[in-house]
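# Coordinate analysis (summary)
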Amino acid sequence: MTESGEPDGTPERRESDEQRRAKGLPPEPSMPGAARDRGRPPTPVSVSFWLYVLAGLVLVAAFGFTLTQQEDVSEALIDLNTTDGLDEEQIRSGVTTLLWTLFVGAVAFAVMFALFGWKAREGTRSARTTLTVLAAITLLLQVLLFPTSLPMLAASFLAVVATALLYLPSVAHYFPRATGGGSRR
């Protein structure tokens, strides 16, 4: 046996990403440090990736700014408080926890947008599906929790446009359906 794992010493012949895509398979995973045959993604897919990155950055910037306004948010909620059971310290503590949770969530969404956007650039169909779900969650959060937030509206808009670009007919060949596998009856 040789280093390549072939018994006769011939190097292993690999399918290109285009050949795998034609069979409905995702691109072959690459080993760290190994060169890869990457086809150039269609322009709408590349634009979609950058829109997802921008949507994530808008989310992080918006919730990061809100985190810096913690005292103003606390004061506004204290002024609106009509419950006798809540004192100022409880409200301030709750605001701190809420704003940090929202900021960490925004960072998580930004990372997932970038990661799955990159995987979609490589032609991974499941990444496109995941991005669709993330965009839907972002849109729901905007509509239900932050209807008056302009940065959240901008991030939602960017994510929805980026998702629409991934479903254009001109890029359908880049995300082929999986074929074969099992029989369906």
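Heads up: the structure comes first, above all this text.
Note on placement: Ser48 falls in helix α2 (residues 43–68). On the accessibility criterion, Ser48 (1% relative accessible area) is buried. If sequence neighbours within four positions are ignored, Ser48 has contacts with Ala162, Thr163, Leu165 and Leu166.

This part is about the pattern of salt bridges. Applying the stated rule across the entire model yields four salt bridges. Arg92 is paired through a salt bridge with Glu75; the nearest N and O atoms lie 2.6 Å apart. Of this pair, Arg92 sits in helix α4 (residues 88–121) while Glu75 sits in helix α3 (residues 70–80), and the two are 17 residues apart along the sequence.

Considering the arrangement of structural elements, one finds Val45 in helix α2. When the C-alpha atoms of Val45 and Arg128 are compared, they prove to be 9.9 Å apart, with 83 residues separating the residues in sequence.

The subject of this paragraph is the packing of α2 against helix α6 (residues 150–166). Two elements in contact, α2 and α6, have axes whose closest approach is 8 Å; the angle formed by their N-to-C orientations is 165 degrees. The orientation of α2 relative to α6 falls into the category roughly antiparallel. For the crossing formed where α2 meets α6, the hand is left-handed. Between α2 and α6, the contacting residues are Pro44, Val45, Val47, Ser48, Leu51, Tyr52, Leu54, Ala55, Val58, Leu59, Ala62 and Phe63 on the first element and Pro151, Met152, Ala154, Ala155, Leu158, Ala159, Val161, Ala162, Thr163, Leu165 and Leu166 on the second. For the contact of α2 with α6, a count of residues per class yields 21 nonpolar, two polar and no charged.

Take the packing of aromatic side chains next. Applying the stated criterion across every chain yields a total of seven aromatic pairs. Consider the rings of Phe63 and Phe146, whose centres lie 5.5 Å apart with planes at 70 degrees: the pair is edge-to-face. Here Phe63, found in helix α2, pairs with Phe146, found in the loop between α5 (125–144) and α6; they are 83 residues apart in sequence, far enough to count as distant. Seen from the ring of Phe49, Arg121 lies directly overhead, with NZ or CZ sitting 5.4 Å from the centre.

In terms of nonpolar packing, the biggest core is built from 24 residues, with Val45, Tyr52, Leu59, Phe113, Leu131, Leu166 and Phe175 touching the most fellow members. Residue assignment for this core shows that the elements contributing at least two residues are α2, α4, α5 and α6. When residues of this core are assigned to their parent elements, the largest contribution, seven residues, is made by α6. Those residues in contact with Leu166 that lie beyond four places of it in its chain are Val45, Ser48, Tyr52, Arg128, Leu131, Val171 and Phe175. Core analysis: the next-biggest nonpolar cluster, separate from the first, contains five residues, Leu67, Ile91, Val95 and Leu99 among them.

Another point: α4. The first and last C-alpha atoms of α4 sit 49 Å apart over 34 residues, in line with the 50 Å expected at 1.5 Å per residue. On its buried face, α4 sits against α2, α3, α5 and α6. Residue Gly123 follows α4 closely and has a positive phi angle near 95 degrees.

The next thing to look at is the packing of α3 against α4. Orientation of α3 relative to α4, taken along the N-to-C sense of each, is 135 degrees, at an axis distance of 9 Å. When the axes of α3 and α4 are compared, the pair comes out oblique. Regarding α3 and α4, the two cross each other, and that crossing is right-handed. Here Gln70, Glu71, Val73, Ser74, Glu75, Leu77 and Ile78 of α3 come into contact with α4, specifically with Glu88, Ile91, Arg92, Val95, Thr96 and Leu99.

What follows is about α6. Helix length check: α6 (17 residues) gives 25 Å between terminal C-alpha atoms against 24 Å at 1.5 Å per residue, within 8%. Listing the buried residues of α6 in full gives Met152, Ala155, Ser156, Leu158, Ala159, Ala162, Thr163, Leu165 and Leu166. On its buried side, α6 packs onto α2, α4 and α5. Where α6 begins, the capping side chain belongs to Ser149, and its oxygen is found 3.3 Å from the backbone nitrogen of Met152.

Thresholds applied
Residues numbered from 1 in each chain as written. Predicted model: local features only at pLDDT ≥ 70, side-chain atom pairs only at ≥ 80, totals over all residues. Heavy atoms only, no water. Helix = DSSP H or I, 4+ residues; strand = E, 2+ residues; numbered from the N terminus. Buried < 20%, exposed > 50% of the residue type's maximum accessible area, 1.4 Å probe, protein only. Contact = heavy atoms within 4.5 Å. Salt bridge = Lys/Arg side-chain N within 4 Å of Asp/Glu carboxyl O. Axes fitted to C-alpha atoms, helices over the stretch in contact; angles between N-to-C directions. Parallel < 35°, antiparallel > 145°, perpendicular 65-115°, else oblique. Left-handed = near helix turned anticlockwise from the far one by under 90°. Nonpolar A, V, L, I, M, F, W, Y, C, P; charged D, E, K, R; others polar. Phe/Tyr/Trp six-rings, centres within 6.5 Å; stacked < 30°, edge-to-face > 60°. Lys NZ or Arg CZ within 6 Å of the ring centre and 35° of its normal. Core = buried A, V, L, I, M, F, W, Y, C linked by side-chain atoms within 4.5 Å. Expected span 1.5 Å × (residues − 1). Polar contact = N/O pair within 3.5 Å; in protein donor to acceptor, adjacent residues only side chain to side chain.

Scope: geometric values only; no functional claims are made or implied.
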